[in-house]
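# Summary of the model geometry
One letter stands for each residue in the lines below.
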Amino acid sequence: MTRRLAMAIIVVAVGAAWYVTLPPPPVTLMLASGTTESVRGVIHIHSRRSDGTGTVDDVARAAAQVGLKFIVLTDHGDATREPDAPAYRSGVLCIDAVEISTSGGHVMALGLGKAPYPLAGDPRDVIEDIARLGGMSISAHPGSKRPELRWSDWSAPFDGLEWLNGDSEWRDESPRTLARVLLAYPGRRSSALALVLDRPDELLRRWDELTQHRRVMAIAGSDAHARLGLRTLGEPYDRNSSLPLPGYAQVFRTFSITLPQVTLKGNPVDDAAAVLAEIRAGHLYSTVDAVATPAQLSFTANGTESTAMPGDEIRSRGPVTVRAATNAPGSDEIRLIRNGEVMASTRGVMLEQTVPPTPGVYRVEVNFPGAPGEPPVPWILSNPIYVGGAGQNSVTPPRPPARRVVARYDNGPATGWRFEKSERASAALDVIGAVGGTQLLLRYALGGSLAEGPFVAFVMPAGSDVASYDRLTFTVRADHPMRLSVQVRVPEGAAGERWQRSVYVDDTPRTLTVFFDDMTAVGTTASPRPPLDRVESVLFVVDTVNTKPGTTGQLWIDDVQYGR
Ligand SMILES: [Zn+2]
Ligand SMILES: [Zn+2]
């Protein structure tokens, strides 16, 4: 009997100890007077179509449970799958998008149709393709601690970046925090999940640097898979080494984004267009709902002539009044950040600051007492208001035209040209008539399976004087949209070391220039840039980076020259 009593006391004591260590439940707030709840949703979700655990209907049901109005699904892919049309499921607007793996990190493409060829390769090329195809690009988990998931090319013109990524936050945590999460999860699910969140200082600093030069939107992305990887490998998750935890609904309760200017009307196509336009414009703020909910932010800038919202630009003849207010007066801390530096903060109802109309990028972070993280994750993070012409695309001046050129192919026989190919691919290289002379017709058929790595390379002898030039210029046209990899090769090792620059080609003839110092290494090379004095061949390569096996096509190339 006494033993049973002792046991009971121990159980109660352990239970009580467990209970007091639980993270606090979300604080319930009132809406600011005279306001209604804004449209809230979640982006970056994986379904069973890639490495998530639920069907699109499962995900939509979970979103409905949590009160979300829209979700953006981003299953892994190369954008060659036709996206599902926008649809309401369980009353939630479901927008289909894709997460593309580049050679330097993952990027989400929203508002993109079916791509004519697989999107892959250099980050800058994938970003360029997404923009050409009318989509918006958001760098996914750019600050991941895992090198293979981290974004590499900060000069690529992506439209937005994920400042908070649910999946990366998990992967970056110490075993101690993870143990705390697992312990707390049965008691307080979304609060437990929020324990892994931190303020990503380094990433926010990078973002503030970027917005000095161009407009970049920041967004919180759930990266919900409804599974937890047991091995610390990169995405996509391996089905056989993961736990089906936590559920979509719990992840959706942790954080979300708010689109204060959207009204959904019930037509999925129009509503999806409105949601995507607002995301693209940066008319959104991110909220950690597991801290306090609902989270409301009003952030405006009033000049002498106009008013601006986050994501927008304002020009004014006189001083500008910047105003931020939330629905948690008194208990929160509103911070006004100018060009990456905190310029004012308040624990009051509202922060109001008069600023000069000179260029400045202003944004707001709101801290809430008791928010998790080291340093604490902001409860609300706004997008910037660009004052006085700040954030204008600073155009990199084009390089001066070549003052000296030498023709490598112009007219007549293609002396020294040949092709190389994988075993089951085929190729032909012919000289055909063209206006005022001849041009080269390159034909290819990428036979063989993906595993065989089919390729066709049209090879031009580099000549002995390539090192006296800095660029290759040529006129090219293709029978269908594609990417062509322009490469140089030095005769080192079995297949030689190569460097490449990929170019977009379609049925419009274009004169393209590739700068040798803009080429990047193919695989591992001794130097990051090609040693031109040792370059033996110039290659025009069609391979499976951007071309599906089984594809046949033709290319016309003319007026190949070096310049400097
Ligand atoms: Zn990813
Ligand atoms: Zn993802």
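What comes next concerns the included structure.

What follows deals with the overall build of the protein chain. Each helix and strand counted, the protein chain has nine helices and 36 strands in total. Once the C-alpha set of the protein chain is aligned to its principal axes, its extents read approximately 95 × 75 × 45 Å. Taken over 564 residues, the protein chain has a buried fraction of 52%. Sequence separation of at least 24 residues holds for 71% of the intrachain contacts in the protein chain that already meet a minimum separation of 6. Of the side-chain charges in the protein chain, 57 are positive and 62 negative, and the distance between the mean point of each set is 3 Å.

Taking burial as the measure, the nine residues of strand β31 (residues 482–490) include nine buried ones, the bulk of the element. Of the two faces of β31, the one holding Met-482, Leu-484, Val-486, Val-488 and Val-490 and the one holding Arg-483, Ser-485, Gln-487 and Arg-489 are both buried throughout. Where β31 lies against strand β32 (residues 497–505), nine bridges are found, and the strand directions are antiparallel. Note on β32: the bridge partner recorded for Arg-483 is Tyr-504. Where β31 lies against strand β35 (residues 537–543), five bridges are found, and the strand directions are antiparallel. Counted as the bridge partner of Arg-489 is Ser-537 from β35.

Read across the sheet, six strands follow the order β26-β29-β35-β31-β32-β34 without closing on themselves; strand pairing throughout is antiparallel. In this open sheet, the two edge strands, each paired with only one partner strand, are β26 (418–421) and β34 (520–522). Averaged over all pairs of adjacent strands, the angle between strand axes in this sheet comes to 35°, irrespective of strand direction. The sheet contacts of helix α3 (residues 123–132) involve β31, β32 and β34, and relative to β32 the element is tilted by about 5°.

Let us look at the nonpolar core. Ranked by size, the top nonpolar core spans 112 residues in total, and within it Phe-70, Ile-71, Phe-252, Ile-279 and Trp-379 carry the most contacts. Once residues lying within four places of it in the same chain are set aside, the contact partners of Phe-252 are Val-42, Ile-45, Val-59, Ala-62, Ala-63, Val-66, Leu-68 and Ala-224. Formed by 40 residues, the second largest nonpolar core is a distinct cluster that contains Ala-462, Val-488, Phe-516 and Val-542.

Summed over the entire model, instances satisfying the criterion amount to 34 salt bridges. Among the salt bridges present, the one from Glu-365 reaches Arg-199, with a minimum N-O distance of 2.9 Å. One end of the pair, Glu-365, is in strand β22 (residues 360–367); the other, Arg-199, is in the loop between α6 (189–194) and α7 (201–211), and 166 residues separate them in sequence. Across the salt bridge formed by Glu-420 and Arg-418, the nearest N and O atoms sit 3.1 Å from each other. On the accessibility criterion, Glu-420 (21% relative accessible area) is partly exposed. Owing to a relative accessible area of 41%, Arg-418 belongs among the partly exposed residues under this scheme.

A few words on the sheet that holds strand β21 (residues 350–355). Taken in spatial order, the four strands make up an open sheet running β16-β15-β18-β21, and their pairing is antiparallel. The sheet is open, and its two borders are formed by β16 (307–308) and β21, each paired with just one other strand.

This part takes up α3. Most of α3 sits out of view: seven of its 10 residues are buried. Listed in full, the buried residues belonging to α3 are Pro-123, Arg-124, Asp-125, Val-126, Ile-127, Asp-129 and Ile-130. Against β5 (92–102), β6 (105–110), β7 (136–139), β31, β32 and β34 lie the buried residues of α3. Downstream of α3 by one or two residues, Gly-134 has phi in the positive range, about 85°.

With respect to the helices and strands, the residue His-44 is situated in strand β2 (residues 39–45). Its relative accessible area of 0% is what places His-44 among the buried residues.

The periodicity of an α-helix, 3.6 residues per turn, causes residues three or four positions apart to be oriented the same way. Buried within α7 are the following residues: Leu-203, Leu-204, Trp-207, Asp-208, Leu-210 and Thr-211. Relative to the axis of α7, the buried residues are bounded by an arc of 160° and lie together on one face. In this structure, the buried residues of α7 make contact with β8 (160–165), β9 (217–224), β22, β23 (380–381) and β24 (385–387).

A complete count under the given rule lists 11 aromatic pairs for this structure. With a centroid separation of 6.1 Å and an interplanar angle of 40°, the aromatic rings of Tyr-248 and Phe-252 are classed as tilted. Of this pair, Tyr-248 and Phe-252 are both found in helix α8 (residues 248–254), four residues apart, which corresponds to roughly one turn of the helix. You can call Phe-252 buried: its relative accessible area is 0%. Ring geometry for Phe-474 versus Phe-540: centroids 5.2 Å apart, planes at 75°, classification edge-to-face. Of this pair, Phe-474 sits in strand β30 (residues 471–478) while Phe-540 sits in strand β35; the two residues are 66 residues apart in sequence, bridging distant segments of the chain. Residue class for Phe-540 comes out buried when judged on its relative accessible area of 0%. Among the aromatic residues, ring-to-ring pairing joins Tyr-409, Trp-417, Phe-474 and Phe-540 into one connected group. Just above the ring of Tyr-504 sits the side chain of Arg-132; from NZ or CZ to the centre is 3.4 Å.

So, how was this worked out
- Residues numbered from 1 in each chain as written.
- Chains lettered and ligands numbered in written order.
- Predicted model: local features only at pLDDT ≥ 70, side-chain atom pairs only at ≥ 80, totals over all residues.
- Heavy atoms only, no water.
- Helix = DSSP H or I, 4+ residues; strand = E, 2+ residues; numbered from the N terminus.
- Buried < 20%, exposed > 50% of the residue type's maximum accessible area, 1.4 Å probe, protein only.
- Contact = heavy atoms within 4.5 Å.
- Lys, Arg positive; Asp, Glu negative; His and termini not counted.
- Charge placed at Lys NZ, Arg CZ, Asp CG, Glu CD.
- Pairing = 2+ DSSP bridges.
- Axes fitted to C-alpha atoms, helices over the stretch in contact; angles between N-to-C directions.
- Core = buried A, V, L, I, M, F, W, Y, C linked by side-chain atoms within 4.5 Å.
- Salt bridge = Lys/Arg side-chain N within 4 Å of Asp/Glu carboxyl O.
- Arc of directions from axis to C-beta.
- Phe/Tyr/Trp six-rings, centres within 6.5 Å; stacked < 30°, edge-to-face > 60°.
- Lys NZ or Arg CZ within 6 Å of the ring centre and 35° of its normal.

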